[in-house]
Amino acid sequence: MKVEDLSCLMTKATSLGLFEAASIGSNNVEVSHLQFVDDTILMGSARMDNAVVIKRILRNLELISGLKVNFDKCCLFGVNVIGKRLCEMAEILGSGVGSMPFSYLDIKSIFSFGSCREWKKHIFFGGYLGRRRRVEGEVS
């Protein structure tokens, strides 16, 4: 699997200012993605243009790696994001909207929900990157 491809695309988009990563913790460490085998979480500021960049990056990843992103099985989560805005971003991504707290690899998210007011507006987009299969000579 081409996990490095996604990492490179996210790092490049962040360094060019096309994608605003999430600022985590008191030191404001920027984190744009977490990966484990075929599972991925992308995280960033809750801006519409971030949703567009995520969609473009994942479409490019499909082209360069041969992997398939099943957007129908992906979910968008928000911290301090109004429901309507989250739904609009999910529509851009072609995904569903999840609710907090969420689980990643069967582990509950580690956010301190008592202090959510202190969090900046962030989105978390999670999904599975699977192999493409050929069906009757076509890529599906």
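Since we're looking at a predicted model, the values are computed, not measured.

Conventions and cut-offs
Residues numbered from 1 in each chain as written. Predicted model: local features only at pLDDT ≥ 70, side-chain atom pairs only at ≥ 80, totals over all residues. Heavy atoms only, no water. Helix = DSSP H or I, 4+ residues; strand = E, 2+ residues; numbered from the N terminus. Contact = heavy atoms within 4.5 Å. Areas by Shrake-Rupley, 256 points an atom, 1.4 Å probe, with all protein chains shown as cover. Core = buried A, V, L, I, M, F, W, Y, C linked by side-chain atoms within 4.5 Å. Buried < 20%, exposed > 50% of the residue type's maximum accessible area, 1.4 Å probe, protein only. Arc of directions from axis to C-beta. Expected span 1.5 Å × (residues − 1). Salt bridge = Lys/Arg side-chain N within 4 Å of Asp/Glu carboxyl O.

Visitor: Got a minute to help me understand the overall build of the protein chain in this structure?
Guide: On a plain count of helices and strands, the protein chain comes out with three helices and twelve strands. Within the protein chain, counting contacts between residues at least 6 apart in sequence, those at least 24 apart form 63% of the total. Summing over all exposed atoms, the protein chain offers an accessible surface of approximately 8400 Å²; the carbon and sulfur share of this is 54%.

Visitor: Looking at this structure, how should I read the nonpolar core?
Guide: Ranked by size, the top nonpolar core spans 23 residues in total, and within it Leu-58 and Phe-125 carry the most contacts. At six residues, helix H2 (residues 48–65) tops the list of elements feeding residues into this core. If near-sequence neighbours (up to four positions away) are discounted, Phe-125 is found in contact with Thr-40, Ile-41, Leu-42, Ile-54, Leu-58, Phe-71, Cys-74, Cys-75, Leu-76, Leu-93 and Ser-95.

Visitor: Any chance you could explain the environment of Leu-6 here in plain terms?
Guide: Among the structural elements, Leu-6 can be located in helix H1 (residues 3–15). Expressed as a C-alpha distance, the spacing of Leu-6 and Ile-64, which sit 58 residues apart in the sequence, is 9.8 Å.

Visitor: How do you make sense of helix H3 (residues 83–93) when you look at a structure like this?
Guide: Within an α-helix, residues lying three or four positions from one another point in the same direction, as the helix has 3.6 residues per turn. Among the residues of H3, Leu-86, Met-89, Ala-90 and Leu-93 are the ones counted as buried. For H3, the angular spread of buried residues about the axis comes to 100 degrees, placing them on one side. Across H3 from its buried face, at more than 90 degrees, point the exposed residues Lys-84 and Glu-91. Positive phi shows up at Gly-94, right after H3, with a value of about 70 degrees.

Visitor: Can you help me understand H2 in this one?
Guide: The terminal C-alpha atoms of H2, which comprises 18 residues, lie 26 Å apart, in line with the 26 Å expected from a rise of 1.5 Å per residue. Every buried residue of H2 is listed here: Asn-50, Ala-51, Val-53, Ile-54, Lys-55, Ile-57, Leu-58, Leu-61, Glu-62 and Ser-65. One or two positions beyond H2, positive phi appears at Gly-66, with a value near 85 degrees.

Visitor: Help me out: how do you make sense of unusual backbone geometry in this one?
Guide: Keep in mind that most residues, glycine aside, have a negative phi and that most peptide bonds are trans. The phi dihedral of Asn-28 falls on the positive side, at around 50 degrees, and the residue is not glycine. Relative to the helices and strands, Asn-28 is located in the loop between strand E1 (22–24) and strand E2 (29–31). Asn-28 gets classed as partly exposed once you look at its relative accessible area, which sits at 43%.

Visitor: Got a minute to help me understand the pattern of salt bridges in this structure?
Guide: Pairing is possible between side chains of opposite charge, provided their charged atoms come close. Taken as a whole and assessed by the stated rule, the structure comprises four salt bridges. Where Asp-49 meets Arg-47, a salt bridge forms, and the shortest distance between an N and an O atom there is 2.8 Å. Given the relative accessible area of 23%, Arg-47 is considered partly exposed. One salt bridge in this structure joins Glu-62 and Lys-68, with 3.8 Å as the shortest N-O distance. Lys-68 gets classed as partly exposed once you look at its relative accessible area, which sits at 31%.

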